[in-house]
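# Reading the structure
In case you want the letters, here they are:
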Amino acid sequence: MELSIGNLVAKPGEKVTGTIAVPGTTVKLPVTLINGKSDGKTVLITAGIHNAEYSGIETAIQLAGEIEPDEISGGLIIIHLVNVSGFEDRTMSVVPEDGKNLNRIFPGDPDGTEGDKICHFLVTAFFSRADFYIDLHAGDGYESLAPYVYYLGAAALEVVTRAKAMAQKVNVPYMVRSDIASGGAYNYAGSCGIPSILIERGGEARWSEAEVSLYKADVKNVLRHLAVLRGKVKANENKPVDVSDVVYENAAVTGCWYPRKKSGETFKKGEELGVIKDYFGKLQQICIAKYDGVILYQVSSLAILKDGPMIAYGKIVN
Ligand SMILES: [Zn+2]
């Protein structure tokens, strides 16, 4: 079966790369279509919805270069980088034209601002072709994280079950069931009936070959599980366990952040997880653990912003 999106067309057995223009914007998405000779499921992979999450972006670029049509059944659609203007502005988190975080505004709006149009185009042109979806993220430029994976929670039971099975093939210690149905790309894809996961690996606006190598292995293992990539599913060293009741705590004040623990560290209820001080070193806020748990991610820059992210942690489900 032919795989075509926008101006790109891949016949069975073909790999095609190029850019696809987002209607009504100046954005051109770098995309690779890989069409297997034999039929099968179609998997959408996106990276750079957050443009400073480089390990995901480099993983998408390398996967697009490495995977060949004769290795797969079905199709792969890879968007190497979604927030192109953010990347070229070398800023973080948002689309520079409108200040919007793409992963908060799905399904978007064709008559909205730049970011709304990008999201709407992803839904109409890409989600509509996908049987499964893997979204590659990392900690943002100012965040460190423990590698983990989100899977859909707010979707039909069968979709949730399939998404969880995908998450279980990722070589990370933790997984989080998300109960949000829109806003995020993979959340909205779930509402469209597409089993979807979001992988978090890397962060702090860095990337390394070692990290990308682990990241590629994660994606390939999920693709094997979906019978799109040939080969046996690998038994990973990590089998992700659920982390529940995740607290996403924002900073109450702008100032300097002093975390007490590392991302991935566990803690007890009542422990101090970090403090915010002003520019004179005066204490402004103490972050206290609400229960025994593990830190998924936290701000790692000295700067911390009022009402912006500070720390996310959850309970390890045994
Ligand atoms: Zn992200």
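Residues numbered from 1 in each chain as written. Predicted model: local features only at pLDDT ≥ 70, side-chain atom pairs only at ≥ 80, totals over all residues. Heavy atoms only, no water.

## Brief notes about the overall build of the chain
Definition in use: Think of it this way: any DSSP run of H or I at least four residues long counts as a helix, any run of E at least two long counts as a strand, and we number them from the N terminus. Atoms counted for the radius of gyration: C-alpha only. Globule rule: 2.2 Å times residue count to the power 0.38. Three exposure classes are used, based on accessible area relative to the maximum for each residue type with a 1.4 Å probe and protein chains only: buried under 20%, partly exposed in between, and exposed over 50%. Note on contacts: a residue pair qualifies if any of its non-hydrogen atoms lie within 4.5 Å across the two residues. Each accessible area value is a Shrake-Rupley result obtained with a 1.4 Å probe; residue values ignore everything except the protein chains displayed when judging cover. Positive charges come from Lys and Arg, negative ones from Asp and Glu, while His and the chain ends are left out of the count. One atom stands in for each charge, and that atom is NZ of Lys, CZ of Arg, CG of Asp or CD of Glu.
Helix and strand counts for the chain stand at six helices and 19 strands. Computed over its C-alpha atoms, the radius of gyration of the chain comes to 19 Å, within 12% of the 20 Å expected for a compact globule of 318 residues. Principal axes of the C-alpha set define a box for the chain whose edges measure 65 × 45 × 35 Å. Across the 318 residues that make up the chain, the buried fraction comes to 55%. Contacts in the chain between residues far apart in sequence, at least 24 positions, make up 70% of those at least 6 positions apart. As presented, the chain carries roughly 13400 Å² of accessible surface, and 52% of it is formed by carbon and sulfur atoms. Averaged over its 33 positive side-chain charges, the chain has a centre that lies 5 Å from the centre of its 38 negative ones.

## Brief notes about the packing of aromatic side chains
Definition in use: Between the rings of Phe, Tyr and Trp (Trp by its six-membered ring), a pair exists once the centres lie within 6.5 Å; its type follows the angle of the planes, with under 30 degrees stacked, over 60 edge-to-face, and the other angles tilted. A ring has a charge above it when a Lys NZ or an Arg CZ is no more than 6 Å from the ring centre and no more than 35 degrees off the ring normal.
Considering all chains together, one arrives at nine aromatic pairs under this definition. Where Phe121 meets Phe126, the ring centres are 5.9 Å apart and the plane angle is 85°; that geometry is what we call edge-to-face. You can call Phe126 buried: its relative accessible area is 0%. The ring of Tyr258 is capped by Lys277, whose NZ or CZ atom sits 5.1 Å from the centre of that ring.

## Overview of the coordination of the zinc ion
We count it as follows: Nitrogen, oxygen and sulfur within 2.8 Å of a metal are treated as its donors, or within 3.2 Å for sodium, potassium and calcium (Na, K, Ca); water is not counted, so a site can appear incomplete. Four donors are marked tetrahedral only if all angles between them lie between 85 and 135 degrees, whereas four are marked square planar and six octahedral if opposite donors are more than 155 degrees apart and the other angles lie between 65 and 115; the remainder are marked irregular.
Protein ligation of the zinc ion involves His50 (ND1), Glu53 (OE), Glu53 (OE) and His137 (ND1), the donor distances falling in the range 2.1 to 2.5 Å. Relative to the metal, the four donor atoms surrounding the zinc ion lie at angles of 56 to 144°, and the coordination shape comes out irregular. Here the donor residues of the zinc ion share one chain and are spaced in sequence as H-x2-E-x83-H. With a gap of 84 residues between them, Glu53 in the loop between strand S5 (38-47) and helix H1 (54-66) and His137 in strand S7 (residues 132-137) connect regions that are remote in the sequence.

## So, the pairing of strand S17 (residues 293-299)
The line we're drawing: Pairing between strands requires that DSSP locate at least two bridges from one strand to the other.
S17 sits mainly inside the fold: seven of its seven residues count as buried. Pairing analysis gives three bridges linking strand S8 (residues 143-145) to S17, with the strands arranged antiparallel. In the sheet register, Leu145 faces S17, and the bridge partner there is Tyr297. Both strand S14 (residues 266-267) and S17 contribute to a ladder of two bridges, which runs antiparallel.

## Observations concerning the domain arrangement of the chain
In many analyses, interface size is given as the accessible surface area lost on bringing the parts together. What counts here: Domain boundaries shown here were taken from an automatic or database domain assignment. For this document, the term salt bridge refers to a Lys or Arg side-chain nitrogen within 4 Å of an Asp or Glu carboxyl oxygen. As used in this structure description, the phrase polar contact means that two N or O atoms lie within 3.5 Å; if the pair is within protein, one of them must be able to donate a hydrogen and the other to accept it, and residues adjacent in sequence are counted only when both atoms belong to side chains.
One can read the domain layout of the chain as domain 1 (3-225) and domain 2 (242-316). Computed from C-alpha atoms alone, the centre-to-centre distance between domain 1 and domain 2 is 28 Å. Listed per partner, the contact involves 14 residues of domain 1 and 16 residues of domain 2. Linking domain 1 with domain 2 are one salt bridge, by the criterion used here. The salt bridge involving Lys164 is made with Asp242; its shortest N-O contact spans 3.3 Å. Counting across the interface, domain 1 meets domain 2 through 10 residue pairs in polar contact (both at pLDDT 80 or more). Elements represented by at least two residues in the side of domain 1 that touches domain 2 include exactly S8, strand S9 (148-152) and strand S10 (174-178). No other element matches the four residues that S10 contributes to the side of domain 1 that touches domain 2.

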